[in-house]
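Given next are the chains, with one letter for each unit.
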Amino acid sequence: MHPDSTSLPTRRRLLGGLALAATAAATGGCAFAIPPTLPRMDVLRLPGPCPASSTAASTLLVLLPGAYSRPPEFIEAGFVEALRAQRTAADVCIVDAHLGYYTDKSIVRRLRDEVVLPARAQGTRRIWLVGISLGGFGALGYAVRHGAEIDGVLALAPYLGPRRLMQEIAQAGGPAGWHAATPAPVPGGDDLDRELWHAFAARAAAPTLPPVHLGYGRDDRFADAHRVFADLLPAARVASTPGGHDWPAWSALWQDWLARGPLQPACAAA
């Protein structure tokens, strides 16, 4: 059963995604206090069902929450339960990558230094980033800057930049026209949203990106941006569902992706 949004605390339900955070960033104010960053991000680690000797035990799913969501919400919303019900052979780490790490522009670097590279050093062979809303933005940003280091991204209802950027793209006739008319941002700079759109709009850059899957609710307040972004991806990697910017839609998309996705369904012998 998909959790009803009323089963989650009101603050979490309102900001599983980024709408309020985007407003705060645009106005210089804040609707909620931005959580402080830590010397090391908190990570909730959940070992998968495979023994250490299994070849499938070296798959890691890195889950990234929305702006004001916390790692346990993935569990409350049934993400881990659905993963285990599919007998998917993967370990899980849920990163408390909250709004603070985006505000200080450190999110991609912190994910790389504290999560992805250490996992590779420990022998993890496959790493997928799964992000919701602001977490989806972070996952896509990682794919743009360090795509060779991960095996894929699932972005659920990702934040894709402020309204003014979406208006620029629309006024240019779409991503291709905007890409042709707009100078490329400095790689690794402060304009991750523009860097993201430039990378995906440049068809020639597609081979440098890992597989990216997109899911969104058709009534999501960001759905117009999602539809534009979907045109930059293979149709087989795009899914939509009834619902808005909330956990019931994200849970349905997650279960659909698990059922048809690229992950190994069971443990394999070494």
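Our structure's up above, just so we're on the same page.
What counts and what doesn't
Residues numbered from 1 in each chain as written. Predicted model: local features only at pLDDT ≥ 70, side-chain atom pairs only at ≥ 80, totals over all residues. Heavy atoms only, no water. Pairing = 2+ DSSP bridges. Helix = DSSP H or I, 4+ residues; strand = E, 2+ residues; numbered from the N terminus. Axes fitted to C-alpha atoms, helices over the stretch in contact; angles between N-to-C directions. Phe/Tyr/Trp six-rings, centres within 6.5 Å; stacked < 30°, edge-to-face > 60°. Buried < 20%, exposed > 50% of the residue type's maximum accessible area, 1.4 Å probe, protein only. Salt bridge = Lys/Arg side-chain N within 4 Å of Asp/Glu carboxyl O.

Caption draft 1: Inspection of the sheet that holds strand β6 (residues 212–217) at higher detail. An order of β1-β3-β2-β4-β5-β6-β7 is seen for the 7 strands of this open sheet, with the pairing classed as mixed. The open sheet terminates on both sides in strands that have one partner only, identified here as β1 (43–46) and β7 (238–241). Pairwise comparison of adjacent strand axes, ignoring direction, gives a mean angle of 15 degrees for this sheet. Taken together, the 4 bridges between strand β5 (residues 152–156) and β6 define a ladder with parallel strand orientation. Opposite V153, over in β6, you have V212 as the bridge partner.

Caption draft 2: Fine view of the packing of aromatic side chains. A full pass over the atoms with the stated rule returns 12 aromatic pairs. Plain terms: the ring middles of F74 and W247 are 5.6 Å apart, the flat faces sit at 85 degrees to each other, and that makes the pair edge-to-face. A residue pair is termed long-range when its members are at least 10 positions apart, and F74 in helix α3 (residues 72–76) and W247 in helix α12 (residues 247–260) qualify at 173 residues. In this structure, F74 and W247 share a single accessibility class: buried. Ring centres of W254 and W257 lie 5.9 Å apart, and the angle between their planes is 25 degrees; on these two criteria the pair is classed as stacked.

Caption draft 3: Highlighting the pattern of salt bridges. For the coordinates displayed, the defined rule picks out 8 salt bridges. Between R112 and E149 there is a salt bridge, with the nearest N and O atoms lying 2.6 Å from each other. Taken together, the residues R112 in helix α6 (residues 107–121) and E149 in the loop between α7 (134–146) and β5 connect sequence positions 37 residues apart. Take R112: its relative accessible area is 25%, and that puts it in the partly exposed class. Of the charged contacts, one joins R227 and D224 as a salt bridge, the two residues approaching to 3.0 Å between their closest N and O atoms. Here R227 pairs with D224, and both are found in helix α11 (residues 223–230), just 3 residues apart, close to one helical turn. The exposure class of R227 is partly exposed, given its relative accessible area of 35%. You can call D224 exposed: its relative accessible area is 60%.

From the geometry alone we can't say anything about function, so treat these as descriptive.
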